[in-house]
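# Summary of structural features
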Amino acid sequence: MPRKPKAVYLRKIRRAAHLLFFRRHRLPGASSSELKRTLGPDYRKALELLDKYLKDLDLQVYEVKEPAPEGEARSRFYIRLRGVLTPTEAKYCGWRIDDLAGLAVAILFITVRGGRAPRQDVEKVLEEKLPGWRVKAGLQRYIRAGYLSEDEQGNLYLDWRTWAEVDQKALMDLLLKYGE
Amino acid sequence: MGKRDSVERGRERLRRVINLCRRVEQGEVDPFAVEVGSLLAIIRELFPNWKSLEDLCLDVEAVEGVSTVVKHQGEWVRGRSTKLYRDPFLIEEKLRSLSKEALAEIFLRSWHPVVELEQLTPHSLENALRYWGELKPLADRLLGLQAEARVVEAEPPQILTEDFERELLALWEELKERTKEGKIRYWDFILADSYEKTARRAYLTSFLITYGYARLEVRPFEEEMYLMAVEEPSPPAESARTISIPIALSFEDWRRLRNAQKA
């Protein structure tokens, strides 16, 4: 375990853990402005210490930068798994091989198309791997969970959960190196 | 007359410039397939001809269109310079060549699920209280059900569980077995020993038809419908014209069919 921090930081770490673990809004985690308001300007230090505590539990504090056209860059912080799940663990969480493969295909396909792809194109590529009814149900599930989003023109995009949970560069590299 | 013609031709050229820029914006044309320099030269060459407000607005629209092309060219370069850029063709080929198991394995190695705890919030409590307040007493609701005879709740189509898929495949196997020698009457196939089971079979059969696992032949003059199993299912082509056939199944219909079968 890390060395015990000063009492003031201990309070901030506990508060940060509450903010990050308990879902209070549509999205889990907390935004940088919310953390700054609650923990003070040195909120990053508190998050760093919380991250050290979580390391032993195979968890981590993860930052996702959000686009901010003007002013200070914004981020959203989440607590996520530091390592990875085994296939059996993923199955216990309700994810079948088909669901995971479909999600991988959808994310990679949209990524290589520059972050946006027509739903029909994504469905077509998924239908090469999965039965038709599973493709439609799968896409609905990915959208509901926040991995993908869809606009009115029927284009699919990567949504907040993909940015928070999926290491896209690793995913791409693993795909290209697979079987070499 | 000649001058008016030349102004009209100029407008037409400007409209073509605007149209090309729009196609770039909509992703139909590669931004680098457009020569920005020559578009600007056209706009510059035509500018002295514009006197009316309408023509000047057209000129502004063309300049704005060209600036959009430049913006898309910038985005294109930025996209390719990021660490995530890989040749799309290569990635798509790789996606096609790998099995579901391999893709799931790759995904699991780059997936770090978010940890979160859900709990009651004042907002959700407020919603629950409102729902409870508006809920009729159980006795009233049961009375309503009796008055309306029977209500069967169908599973929403988007919730497809493993059990559902297993059930669907079993029904497909059954259809294949029962249509070995041709086809079967739709009502003979879906009819079961209870109304609920019949409705369920009709619901599942509609999935088999929609996803190309079965074919429905409708003979309007004979007022008959037949089902045929498809050995090699293929989803309907995008270009194919698809139609929806609503088939009503009331409790009375079921009772009548059941009695006819027994007789």
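Residues numbered from 1 in each chain as written. Chains lettered and ligands numbered in written order. Predicted model: local features only at pLDDT ≥ 70, side-chain atom pairs only at ≥ 80, totals over all residues. Heavy atoms only, no water.

## Description of the interface of chain A and chain B
If you look at the interface, chain A gives 62 residues, while chain B gives 43 residues. Taken together, the two surfaces of chain A and chain B that pack against each other cover about 5,300 Å², and 67% of this comes from carbon and sulfur. Of all residues in chain A, the largest losses of buried area upon contact with chain B belong to Lys129(A), Trp133(A) and Tyr178(A), amounting jointly to 17% of the total for that side. Between Asp98(A) and Lys100(B) there is a salt bridge; the shortest N-O distance is 3.1 Å. The interface formed by chain A and chain B includes 24 residue pairs in polar contact (both at pLDDT 80 or more). Contributions of two or more residues to the side of chain A that touches chain B are made by helix H1 (7-21), strand E3 (74-81), helix H4 (87-92), helix H5 (97-112), helix H6 (119-127), helix H7 (132-145), helix H8 (160-165) and helix H9 (168-177) of chain A. Residue composition of the side of chain A that touches chain B, grouped by class: 38 nonpolar, six polar and 18 charged. (Contact = heavy atoms within 4.5 Å. Buried area = accessible area lost by both parts, 1.4 Å probe. Salt bridge = Lys/Arg side-chain N within 4 Å of Asp/Glu carboxyl O. Polar contact = N/O pair within 3.5 Å; in protein donor to acceptor, adjacent residues only side chain to side chain. Helix = DSSP H or I, 4+ residues; strand = E, 2+ residues; numbered from the N terminus. Nonpolar A, V, L, I, M, F, W, Y, C, P; charged D, E, K, R; others polar.)

## What to know about helix H11 (residues 251-262) of chain B
All names here are of chain B. Here H11 spans 16 Å end to end across twelve residues, near enough to the 16 Å set by a 1.5 Å rise per residue. Restricting attention to buried positions, one finds in H11 the residues Trp-254, Leu-257 and Arg-258. Taken end-on, H11 shows its buried residues confined to a sector of 100°, consistent with a single buried face. Turned more than 90 degrees away from the buried face of H11, the exposed residues are Arg-256 and Ala-260. Among the structural elements, helix H9 (186-190) and helix H10 (195-210) are those in contact with the buried residues of H11. (Expected span 1.5 Å × (residues − 1). Buried < 20%, exposed > 50% of the residue type's maximum accessible area, 1.4 Å probe, protein only. Arc of directions from axis to C-beta.)

## Considering a nonpolar patch on the surface
Together, Val218(B), Ile243(B), Ile245(B) and Ile247(B) line one region of the surface with nonpolar side chains, adding up to about 320 Å² of accessible area. Along the chain, Val218(B) turns up in strand E2 (residues 214-219). (Patch = residues over 30% accessible without salt bridge, like charges linked within 9 Å, V, L, I, M, F, W, Y side chains within 5 Å. Areas by Shrake-Rupley, 256 points an atom, 1.4 Å probe, with all protein chains shown as cover.)

## Things to note about the sheet that holds strand E1 (residues 184-185) of chain B
Residue and element names in this part refer to chain B. Here three strands make up an open sheet; going across it, the order is E1-E3-E2 and the pairing antiparallel. The open sheet has two edge strands, E1 and E2, and neither has a second partner. Pairing between E2 and strand E3 (residues 224-229): six bridges, direction antiparallel. What sits directly across from Arg-219, in E3, is Glu-224. (Pairing = 2+ DSSP bridges.)

## Digging into the environment of Asp121(A)
Residue and element names in this part refer to chain A. Looking at where Asp-121 falls in the secondary structure, it is placed in helix H6. Relative accessible area serves as the criterion here: at 27%, Asp-121 is assigned to the partly exposed category. Note: C-alpha distance between Asp-121 and Phe-109 (twelve residues apart in sequence) is 9.0 Å. Contact partners of Asp-121, with chain neighbours within four places excluded, come to Phe-109 and Arg-113.

## Regarding the sheet that holds strand E1 (residues 30-31) of chain A
All names here are of chain A. Strand order in the open sheet formed by three strands is E1-E3-E2, and the pairing between neighbours is antiparallel. The outermost strands of the open sheet, each flanked by one partner alone, are E1 and strand E2 (59-66). Alignment of E1 against E3, held across two bridges, turns out to be antiparallel. Paired with Ser-31 across the bridge in E3 is Arg-76. Its contacts with the sheet put H1 on E1, E2 and E3, and the angle it makes with E3 is roughly 85°. Here helix H3 (residues 43-55) sits on the sheet in contact with E2 and E3, set at roughly 140° to E2. (Axes fitted to C-alpha atoms, helices over the stretch in contact; angles between N-to-C directions.)

## Here's the deal with the confidence of the model for chain B
Residue and element names in this part refer to chain B. Across chain B, pLDDT averages 81, with 83% of residues at or above 70. Helix H5 (residues 100-108) holds the highest mean pLDDT among the elements of chain B, 93, whereas helix H7 (residues 138-147) holds the lowest, 63. Model confidence for the complex: the whole-complex pTM is 0.57, and ipTM, which rates the interface, is 0.92. (pLDDT = per-residue confidence, 0-100.)

## Some remarks on the side chain of Arg119(A)
All names here are of chain A. Note that Arg-119 resides in helix H6. Within polar-contact distance, the side chain of Arg-119 engages the side chain of Gln-140 at 3.4 Å. A polar contact of 2.9 Å, which involves the side chain of Arg-119, links it to the side chain of Glu-150. Sequence-distant contacts of Arg-119, defined by excluding residues within four places in its chain, comprise Lys-136, Leu-139, Gln-140, Ile-143, Glu-150, Gly-154, Asn-155 and Leu-156.

## Observations concerning the nonpolar core
Core analysis: the largest hydrophobic core is formed by 63 residues, its most contacted members being Leu50(A), Val122(A), Leu148(A), Phe107(B) and Trp111(B). Element by element, the count of residues in this core is highest for H5(A), at eleven residues. Here this core gathers at least three residues from each of two domains, domain 1 (6-81) and domain 2 (87-178) of chain A. Setting aside residues no more than four positions away along its own chain, Leu50(A) makes contact with Ile13(A), Ala16(A), Ala17(A), Leu20(A), Val61(A) and Ile79(A). (Core = buried A, V, L, I, M, F, W, Y, C linked by side-chain atoms within 4.5 Å. Domains from an automatic or database assignment.)

## Here we look at the pairing of E3(B)
The pairing of E1(B) with E3(B) spans two bridges and is classified as antiparallel. Within the sheet, the bridge partner assigned to Ile184(B) lies in E3(B) and is Leu227(B).

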